[in-house]
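# Remarks on the overall topology
Below are the chains, spelled out letter by letter.
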Amino acid sequence: MTALLALEGVSRRFGGLAALDTVTLSVEAGEILGLIGPNGAGKTTLINVVTGVHPATAGRVLLQGEDITRLKPYRIARKGLARTFQIVQPFPRMSVLENVAAGAVFAGAAPSLKEGLRLSREHLAFTGLAQIADKPASTLTLAQRKRLELAKGLAMNPRFLMLDEVNAGLNSSEVDEALAMIRRIAERGVTILVIEHLMKVVVSVSTRLAVLHHGALIAVGTPREVLADRGVIEAYLGEKYAARLAGARPAEGA
Amino acid sequence: MRDWLLLLLLALACSLLPLAGDNYVLRLGTIVAMYAVLAQSWNFIGGLAGYPSFATAAFFGLGAYTSAVLLSYGAPTGLAWTAAGGMACLFAALIGGAILHLKGHYFAIASLAVGEVLREVVNTTPDLTGGGMGMNLPVPKLSVAAAAQTFYFSMLALAALTTAAAIIVQRSRLGFGLRCIQQNEDAANILGVNAYGYKTAAFCLSAVFAGMAGAIYASWVHYIEPPDVFDILLAVKPLVMVLLGGIGTVFGPIIGAFLLIAFEELVWRSFLTIHAAMLGGIIVVLVLFMPNGLLALVRSGLARLRPAGPKP
Ligand SMILES: Nc1ncnc2c1ncn2[C@@H]1O[C@H](COP(=O)(O)OP(=O)(O)O)[C@@H](O)[C@H]1O
Ligand SMILES: [Mg+2]
């Protein structure tokens, strides 16, 4: 069976810097793939390459076998690839509802503006933003903005959703809510990629982990395999921390 | 619905002007209508998409010359005016490809250069356009009063048409997409908005009616020359009018056009020498004190006058 998404020897250079270096990785339908690595490892760049924001300078990106490497971002979006931004990107002077409607109208299932607004109410209810549907997006708290990003992505009716640090800056109860939401999105049949720097969080939610270091993919596997990987421990986790995580890991499997 | 009703009432009220006024008033009315067209035109690209275009003068002049050349070859007036709009639109689509990837000041400067290029083209093609000598158009066989009425109603109809287009666009996917682009173009792209296509559409909309206004203007004054129809003020004033009336709104450009022309007539006639300084002064006041225009100022004033109570 062909993978939902496949990166084949993908590189992305910025001048002399290889932000991504010949990465080969495939994402299977239905999984939650956690992407980890130190700051500057190339995690956000990987999402930018897949979504066409910064197209690969070498290699190919395949969506169910179809080459999408050189497609424009809006075309990739319309194929069901949605993302959130690490630095949230709302339309500040539009209401929360209109922000979400944009996803539904331009990439999602809505045939008209009116239908887009109707569908968006459902996504707002799902993400717990229904009460503030009519507020301008610029007035939201950080936690609300992160959820708005999620709601916009969902409104696009995605096959594959890429979440770039949706938990950064949230307190622990907000993180728990966000995690529950990610699991519920996965239950709807959406394949998910999560970038997350809180190891405990990513280990608990992911079915598989991939590790980037200086733009190169240094390990891929189940969380248990990756946490035991020598290269990952040396490059990223450190001995003590890896041992602690391996012990504390909740609910094996999934 | 409310917008359509307002447009209808406004158009009807303006059609009564010939009953009330002499040729001087009609001339002013024609100018207000012409600037309403240009301000509405600018609002598509500058207000909705957020791209500060100075190409309005280029589209106006291109329309004026296209129509003038066609008329000189004996084309019927209606055809010449329509072709002027088509030509400006086509031109916008072509140069849009070259400059719409620029942002902010860079786009503004590039759009300004477009008019200068066209002006040079006219200057270097005297056989077709009369070059720097200008071009005479056929004078209609009408009495002075009948001509004044004809051009007033033509310009008024064009202003109504442009406003109708603005109403339709603002409620459409296109208008929604343009507002997304204006507020965050990267996010718009990622949500599936074809930003490049939408911006080009907005640029074409900002050209087609401006081109027709240029054509009607040329027939009205029956003599055009490059400094007149490519005048940079034809690009600056519509922008100021939109800021004055309310950027991104349907009726703001019309209100702005009316106010600025009224102001010009009442005040500037007595201060001809400091004309440009006054325009500069207005721009400064606008930018500093009422970035959302008079319409927003009036609205918030009204809101304050209403008895306090729970908001809906
Ligand atoms: N648009 C860009 N221009 C130049 N360098 C970039 C750009 N985007 C990312 N980089 C560089 O690429 C490397 C990887 O960045 P990024 O993908 O944001 O890392 P991460 O998300 O893993 O923290 C960093 O060194 C960063 O400075
Ligand atoms: Mg990042």
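Since the structure is predicted, the reported quantities are computational estimates derived from the model, not experimental observations.

Helices and strands together make up the secondary structure of chain A, namely ten helices and ten strands. Compactness check: chain A gives a C-alpha radius of gyration of 18 Å against a globular reference of 18 Å for 254 residues, within 12% of the reference. Viewed in the frame of its principal axes, chain A has a C-alpha envelope of about 55 × 40 × 35 Å. Here chain A, with 254 residues, has 53% of them falling under the buried criterion. Partitioning the contacts of chain A with sequence separation of at least 6, the portion at a separation of at least 24 is 64%. Carbon and sulfur atoms form 53% of the exposed surface of chain A, whose accessible area is close to 10,900 Å². Seen as two clouds, the 30 positive and the 23 negative side-chain charges of chain A have centres 5 Å apart.

Right, let's get into helix 4 (residues 113-126) of chain A. Residue pairs spaced three or four apart in an α-helix point in one direction, given the helix's 3.6 residues per turn. Residues and elements named next belong to chain A. The end-to-end C-alpha separation of helix 4 is 20 Å, in line with the 20 Å expected for 14 residues at 1.5 Å each. Packed against the buried residues of helix 4 are helix 3 (96-106), helix 5 (142-155) and helix 6 (172-187). Of the residues one or two after helix 4, G128 is the one with positive phi, at around 75°.

Moving on to the pattern of salt bridges. Residue and element names in this part refer to chain A. Counted according to the given criterion, the structure contains 16 salt bridges over all chains. Among the salt bridges present, the one from D67 reaches R60, with a minimum N-O distance of 3.9 Å. For R60, a relative accessible area of 38% translates into the label partly exposed. We note a salt bridge from E177 to R147, for which the minimum N-O separation is 2.2 Å. Here E177, found in helix 6, pairs with R147, found in helix 5; they are 30 residues apart in sequence, far enough to count as distant.

Residue and element names in this part refer to chain A. Although it is not a glycine, T22 sits at a positive phi angle of roughly 35°. Examined against the element boundaries, T22 turns out to sit in strand 2 (residues 17-27). Residue T22 is classed as exposed on the basis of its relative accessible area, which comes to 53%. Phi at Q64 is positive, roughly 45°, even though this residue is not glycine. Residue position: Q64 is located in the loop between strand 4 (58-63) and strand 5 (66-67). Look at Q64 and you get partly exposed, because its relative accessible area is 45%.

Residues and elements named next belong to chain B. Across the interface, helix 4 (residues 56-72) lies against helix 13 (residues 233-245) with an axial gap of 7 Å and an inter-helix angle of 125°. Judged by the angle between their axes, helix 4 and helix 13 are oblique. As for how helix 4 packs across helix 13, the hand of that crossing is right-handed. On helix 13, the residues that touch T56, A57 and F60 of helix 4 are L234, A235 and P238. Per-class residue counts for the contact of helix 4 with helix 13 are five nonpolar, one polar and no charged.

All names here are of chain A. Those protein atoms acting as donors to the magnesium ion (ligand 2) are T44 (OG1) and Q86 (OE1), and they sit at 2.0 to 2.3 Å. Linking T44 in helix 1 (residues 43-50) with Q86 in the loop between strand 6 (81-83) and helix 3, this pair joins segments that are 42 residues apart in sequence. Judged by relative accessible area, T44 falls into the partly exposed class, the value being 26%.

All names here are of chain B. UniProt's feature table lists "transmembrane region" (unreviewed entry) at residues 31-49, 54-73, 79-99, 142-169, 200-220, 240-263 and 270-290, given in the numbering used throughout. Here residues 79-99 is 100% helix and 0% strand, with 30 Å between the C-alpha atoms at its ends. Annotation note: span residues 142-169, helix share 93%, strand share 0%, distance between end C-alpha atoms 37 Å.

The rules behind each value
- Residues numbered from 1 in each chain as written.
- Chains lettered and ligands numbered in written order.
- Predicted model: local features only at pLDDT ≥ 70, side-chain atom pairs only at ≥ 80, totals over all residues.
- Heavy atoms only, no water.
- Helix = DSSP H or I, 4+ residues; strand = E, 2+ residues; numbered from the N terminus.
- Rg over C-alpha atoms; globule rule 2.2 N^0.38 Å.
- Buried < 20%, exposed > 50% of the residue type's maximum accessible area, 1.4 Å probe, protein only.
- Contact = heavy atoms within 4.5 Å.
- Areas by Shrake-Rupley, 256 points an atom, 1.4 Å probe, with all protein chains shown as cover.
- Lys, Arg positive; Asp, Glu negative; His and termini not counted.
- Charge placed at Lys NZ, Arg CZ, Asp CG, Glu CD.
- Expected span 1.5 Å × (residues − 1).
- Salt bridge = Lys/Arg side-chain N within 4 Å of Asp/Glu carboxyl O.
- Axes fitted to C-alpha atoms, helices over the stretch in contact; angles between N-to-C directions.
- Parallel < 35°, antiparallel > 145°, perpendicular 65-115°, else oblique.
- Left-handed = near helix turned anticlockwise from the far one by under 90°.
- Nonpolar A, V, L, I, M, F, W, Y, C, P; charged D, E, K, R; others polar.
- Donors = N, O, S within 2.8 Å, 3.2 Å for Na, K, Ca; no water.
- UniProt positions renumbered as here; feature names shortened; annotations may be inferred.

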